[in-house]
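Remarks on the overall topology
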Amino acid sequence: MNRQNQSSVVEFILLGFSTLPELQELMFGVFLVIYLVTLMGNVVIILTIALSQSLQAPMYMFLQNLSVLETSFTTVITPEMLVVLSTEKATISFAGCFVQMYFILLFGVTECFLLGAMAYDRYVAIGYPLNYPMIMTKRVFMRLVMFSWISGAVMASIQTPWVFSFPFCDSNEINHLFCETPPVLGLACADTSIFETYAFTGTIFIVVVPFLLILLSYIRILFAILKMPSTNGRQKAFSTCASHLTSVTLFYGTAIMTYLQPKSGYSPETKKLMSLSYTLLTPLLNPLIYSLRNNEMKKAWMKLWRENTVSHTV
């Protein structure tokens, strides 16, 4: 089989957890609940920030962008995943697989850089509180956000067509829950060594470097916290930073393990579980970590709730 056979691939079969049929119904229910809670949490954050004048600072605008990303990211993946879990033979068209991979990369890469920008924002706010308004201006905020989105679009536009340019000769069965790069690349019957070198280099630049910068920012934040005179202030700051680092480590850690070596020796089931950690758990945890632990967010949400309740009773 050669290039001609590649054009005959009009659809892929997503195997999901077909080796664990007794668990698929349970996973369907759990994943559906997680998806709905994730959507609700992120939509509440987006609307609360959009409607509250008190939340127009860069910190909250970054959070709003993150919630848009998380909503988009999980919506690109989870509905298809639920179809896979509820169908004996779930298929996705060649074009559909291409589009899904493109948006997974777009939103995933954008989030990598946005989380780095958010860590820098927190470092400036805690380390240089008096100079924060002059350093983190609206112009700087817009540049950081635009850089994140443009980086995501560029990487997705390079990587997705490259993956689908390889001939798929042996099988059209993707042993995964959705069209992610490593399992799709595993179907290619051509030399992918150049792409793997690119993927390794790209992962270092897109995932490892921002992750190290985030860790560096939090180390600086830690030193700033230790200088705080108030014990309660230190405890709150420590608690918030620990929550942020947990979410960031979960997202970046599993992404590094997945993309640093696209054809790594991890078993297919292990790869699926790693993918679930940053496609389901991170979008679920971020609204809880970044909003419910933030007093300003809770006050703004309660104010909007009361105003809405009063307007309906009048």
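Residues numbered from 1 in each chain as written. Predicted model: local features only at pLDDT ≥ 70, side-chain atom pairs only at ≥ 80, totals over all residues. Heavy atoms only, no water.

Of all hydrophobic cores here, the largest spans 85 residues; its most connected members are Phe12, Val184 and Tyr252. When residues in this core are grouped by element, the largest group, 17 residues, is from helix 4 (residues 94-127). Excluding residues within four positions of it along the chain, Val184 makes contact with Cys97, Met101, Val163, Phe164, Phe168, Ile174 and Cys179. (Core = buried A, V, L, I, M, F, W, Y, C linked by side-chain atoms within 4.5 Å. Buried < 20%, exposed > 50% of the residue type's maximum accessible area, 1.4 Å probe, protein only. Helix = DSSP H or I, 4+ residues; strand = E, 2+ residues; numbered from the N terminus. Contact = heavy atoms within 4.5 Å.)

Right, let's talk about the confidence of the model for the chain for a bit. Per-residue pLDDT for the chain averages 82, and the proportion of residues at 70 or more is 90%. By mean pLDDT, the top-scoring element of the chain is helix 6 (residues 138-163) (94), and the lowest-scoring one is helix 1 (residues 3-7) (46). Scored below 50 in pLDDT, residues 1-7 shows eleven contacts in the model against residues more than four places distant or in partner chains. (pLDDT = per-residue confidence, 0-100.)

Moving on: the packing of aromatic side chains. Here the distance between the centres and the angle between the planes together describe a pair of aromatic rings. On inspection of all chains with the given rule, the structure shows 19 aromatic pairs. On the numbers, 5.3 Å between centres and 75° between planes, the contact of Phe94 with Phe164 is edge-to-face. With Phe94 in helix 4 and Phe164 in the loop between helix 6 and strand 3 (173-174), this pair connects stretches of sequence that are 70 residues apart. Given a relative accessible area of 21%, Phe94 falls into the partly exposed group. Centre to centre, the rings of Trp162 and Tyr198 are 5.1 Å apart; their planes meet at 40°, and the pair counts as tilted. Taken together, the positions of Trp162 in helix 6 and Tyr198 in helix 8 (residues 193-226) put the pair 36 residues apart, joining distant regions of the chain. Residue class for Trp162 comes out partly exposed when judged on its relative accessible area of 26%. Judged by relative accessible area, Tyr198 falls into the buried class, the value being 17%. Taken together, Phe12, Phe94, Phe98, Phe164 and Phe168 form an aromatic cluster joined through their ring pairs. (Phe/Tyr/Trp six-rings, centres within 6.5 Å; stacked < 30°, edge-to-face > 60°.)

Turning our attention to the pattern of salt bridges. Taken as a whole, this structure holds one salt bridge when the rule is applied. Note that Asp121 is salt-bridged to Arg122, the shortest N-O span being 3.1 Å. Each member of the pair, Asp121 as well as Arg122, is classed as buried. (Salt bridge = Lys/Arg side-chain N within 4 Å of Asp/Glu carboxyl O.)

Attention shifts here to the side chain of Thr38. Considering the arrangement of structural elements, one finds Thr38 in helix 2 (residues 21-51). Within the structure, Thr38 has its side chain in polar contact with the backbone oxygen of Ile34 (distance 2.7 Å). (Polar contact = N/O pair within 3.5 Å; in protein donor to acceptor, adjacent residues only side chain to side chain.)

Further remarks concern the packing of helix 6 against helix 8. At their nearest, the axes of helix 6 and helix 8 sit 12 Å apart, and the two run at 155° to each other. Considering the angle they form, helix 6 stands roughly antiparallel to helix 8. Pair helix 6 / helix 8 crosses with left-handed handedness. Together, Met155, Ile158, Gln159, Trp162 and Val163 of helix 6 and Ile194, Phe195, Tyr198 and Ile206 of helix 8 make up the contact between the two elements. The residue inventory of the contact of helix 6 with helix 8, partitioned by class, reads eight nonpolar, one polar and no charged. (Axes fitted to C-alpha atoms, helices over the stretch in contact; angles between N-to-C directions. Parallel < 35°, antiparallel > 145°, perpendicular 65-115°, else oblique. Left-handed = near helix turned anticlockwise from the far one by under 90°. Nonpolar A, V, L, I, M, F, W, Y, C, P; charged D, E, K, R; others polar.)

Below, the discussion takes up empty space enclosed by the protein. Considering all chains together, one arrives at one cavity of 30 Å³ or more under this definition. Taken as a whole, the largest cavity spans an internal volume of roughly 280 Å³. Taken together, 21 residues make up the lining of the largest cavity; nearest its centre are Leu105, Val109, Ile206, Val207 and Tyr259. Here the lining of the largest cavity is composed, by residue class, of 15 nonpolar, five polar and one charged. (1 Å grid on protein atoms, 1.4 Å probe; cavity = no way out; pocket = protein on both sides within 12 Å on 5 of 7 lines; lining within 4 Å. Points joined across faces, edges and corners; volume = space filled by probe spheres on them.)

Bringing the side chain of Asn42 into the picture now. By the secondary structure assignment, Asn42 is in helix 2. A relative accessible area of 1% means that Asn42 is categorised as buried. Excluding residues within four positions of it along the chain, Asn42 makes contact with Ser67, Glu70, Thr71, Pro283 and Pro287.

Right, let's get into helix 2. Over its 31 residues, helix 2 extends 45 Å from the first C-alpha to the last, a length consistent with the 45 Å expected when each residue adds 1.5 Å. At Met27, helix 2 shows its strongest bend, of approximately 25°. Those residues of helix 2 that sit buried are Gln24, Met27, Phe31, Ile34, Tyr35, Thr38, Asn42, Ile45, Ile46, Thr48 and Ile49. (Expected span 1.5 Å × (residues − 1). Bend = angle between axes of the 7 residues up to and from the residue.)

As a further point, take the sheet that holds strand 3. Strands belonging to one sheet form pairs held by backbone hydrogen bonds; the direction of such a pair is parallel or antiparallel. In spatial order, the strands read 2-1-3; together these three strands make up an open sheet with mixed pairing. Of all the strands in the sheet, just strand 2 (90-93) and strand 3 have a single pairing partner and so form its edges. Sheet topology places strand 1 (residues 11-14) next to strand 2; four bridges connect them, and they run antiparallel. Bridging from a neighbouring strand, Phe12 pairs with Ile92 of strand 2. Together, strand 1 and strand 2 form the strand contacts of helix 3 (residues 58-86), whose direction differs from that of strand 2 by roughly 140°. (Pairing = 2+ DSSP bridges.)

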